[in-house]
Amino acid sequence: MTDQIVIRQLNEDEVPPYELLLDADPSREMVDGYLGASEAYVAVYKNETVGIYVLHPVNASVAEIKNIAVAGRYQGRGIGKLLLNDAERRARAYGFKVVQIGTGNSSTGPLALYQKRGFEIKDIKRNFFIDNYAEPLFEDGIRVKHMIVLEKEL
Ligand code: ACO
């Protein structure tokens, strides 16, 4: 099915697919904070928005994927990989040298995906999710505390 997916930029006048964005990042405040200063790209399958990623310039050489998500019933079919590849390709075309992505200590799926795609762990922002989120977060019974920052050279 991935050959039937079109990835296109989300226009500024469109309502962002918050259900997807909040699945990757449960803070609406954080999401709205970076959406304005980023580009969002959606994966569309037969007129349905099935995935999203948000690309944010950190500085002249580093771009960060702030958010990446695939709708629940479409997960595990290669769309996440497609989105990640597209984000890397776009960041490279813009002239960035490094692409960065951060995820919670509890996010074993995303950590597997990113490392399989060549991202290396660069940093741990200790207590990031305790200090920046109003409510305690849990995922698969694990307290979400630290942000694992991964990087890939383009
Ligand atoms: N455990 C182990 N491996 C996994 C898992 C998992 N839970 N999920 C994906 N992978 C691996 C797959 O095995 C696959 O490997 P392969 O290339 O060897 O076959 C690879 O990652 C790609 O899998 P896809 O099918 O492309 O991934 P999917 O379409 O399911 O998208 C995503 C992955 C985006 C993480 C999706 O599961 C999702 O939306 N999850 C909920 C939101 C989320 O957690 N987003 C990331 C938060 S961090 C951030 O946004 C910056």
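Just above, that's the structure.
Residues numbered from 1 in each chain as written. Predicted model: local features only at pLDDT ≥ 70, side-chain atom pairs only at ≥ 80, totals over all residues. Heavy atoms only, no water.

Let's talk about the environment of Gly-72
For clarity, the cut-off: For the purposes of this entry, the term helix denotes a DSSP run of H or I that reaches at least four residues, the term strand denotes a run of E that reaches at least two, and both are numbered from the N terminus. Relative accessible area decides the class of each residue, using a 1.4 Å probe on protein chains only: under 20% of the type maximum gives buried, over 50% gives exposed, and in between gives partly exposed.
Take Gly-72: it is sitting in the loop between strand 4 (62–70) and helix 3 (79–94). Look at Gly-72 and you get exposed, because its relative accessible area is 52%.

So, the sheet that holds strand 6 (residues 120–125)
Rules: Any two strands between which DSSP finds at least two bridges are classified as paired. Between N-to-C directions, angles cover 0 to 180 degrees, with each direction set by a line fitted to C-alpha atoms, over the stretch in contact for helices.
Read across the sheet, 7 strands follow the order 1-2-3-4-5-9-6 without closing on themselves; strand pairing throughout is mixed. On the outer flanks of this sheet lie strand 1 (5–9) and strand 6, each paired with one strand and no other. Going across the sheet, the axis of each strand differs from the next one's by a mean of 25°, ignoring polarity. Note that strand 2 (residues 39–45) and strand 3 (residues 48–57) share 7 bridges and pair antiparallel. By the bridge assignment for strand 3, Ala-40 is matched with Val-54.

Describing helix 2 (residues 28–35)
Applied cut-off: The arc under discussion is defined with respect to the helix axis, by the directions toward the C-beta atoms. Note on contacts: a residue pair qualifies if any of its non-hydrogen atoms lie within 4.5 Å across the two residues.
Val-31, Tyr-34 and Leu-35 are the residues of helix 2 that are buried. The buried side chains of helix 2 occupy one side of the element, clustering within an arc of 105° when seen end-on. Those residues of helix 2 that are exposed and angled more than 90 degrees off the buried face are Glu-29 and Gly-33. Residues of helix 2 that are buried in the fold lie against helix 1 (18–24), strand 2, strand 3 and strand 4.

Observations concerning the site of the ligand
Definition in use: Here a residue is considered near a molecule or strand provided that any single heavy atom belonging to it is located within 4 Å of it. Definition of a polar contact: a pair of N or O atoms within 3.5 Å, with one able to donate and the other able to accept a hydrogen when the atoms are protein atoms, and with sequence-neighbouring residues admitted only if both atoms are side-chain atoms. With residues, only the protein chains shown are counted as cover, and all accessible areas are computed by Shrake-Rupley using a 1.4 Å probe. Each residue receives one of three labels: charged for Asp, Glu, Lys and Arg, nonpolar for Ala, Val, Leu, Ile, Met, Phe, Trp, Tyr, Cys and Pro, and polar for the others, Gly being one of them.
Looking at the ligand, there are 24 residues lining it, with Ile-68, Val-70, Gly-76, Gly-78 and Gly-80 nearest. One of the side-chain N or O atoms of Gln-75 is found 3.4 Å from an oxygen atom in the ligand. Within the backbone of Gly-80, a nitrogen or oxygen atom sits 2.8 Å from an oxygen atom of the ligand. Burial of the ligand by the protein amounts to 72% of the accessible area it has alone, namely 990 Å². When contributions to the shell around the ligand are tallied by element, the ones reaching two or more residues are helix 1, strand 4, helix 3, strand 5 (98–104) and helix 4 (108–116). Among the residues forming the shell around the ligand, the class breakdown is 11 nonpolar, 8 polar and 5 charged.

Things to note about the nonpolar core
To be explicit about the condition: In these notes, a set of buried Ala, Val, Leu, Ile, Met, Phe, Trp, Tyr and Cys residues joined through side-chain atoms within 4.5 Å is what counts as a nonpolar core.
Tyr-53, Ile-65, Ile-68, Ile-79, Leu-83 and Ile-101 are the most contacted members of the largest nonpolar core, which totals 40 residues. Considering each element in turn, this core owes the most residues, 6 residues, to strand 2. Those residues in contact with Tyr-53 that sit more than four places away from it in its chain are Ile-7, Glu-39, Ala-40, Tyr-41, Ile-65, Asn-67, Ile-68, Leu-83, Asp-86, Ala-87 and Arg-90. Listed in part, the 7 residues of the second largest apolar core include Phe-128, Tyr-133, Leu-137 and Met-147.

Regarding the pattern of salt bridges
As a reminder of what qualifies: Any carboxyl oxygen of Asp or Glu that lies within 4 Å of a side-chain nitrogen of Lys or Arg is treated as forming a salt bridge with it.
As enumerated under the stated definition, the model contains 7 salt bridges in all. Here Asp-32 makes a salt bridge to Arg-28, at a shortest N to O gap of 3.0 Å. Taken together, the positions of Asp-32 and Arg-28, both in helix 2 and 4 residues apart, correspond to about one turn of that helix. With relative accessibility at 35%, the residue Asp-32 sits in the partly exposed group. Two residues, Asp-86 and Arg-89, come together in a salt bridge whose shortest N-O distance is 3.0 Å. You can see Asp-86 and its partner Arg-89 sitting in helix 3, 3 residues apart, about one turn around the helix. Residues participating in the shared-partner salt-bridge network are Asp-86, Arg-89 and Arg-90.

Remember, this is a structural readout, not a statement about activity or role.
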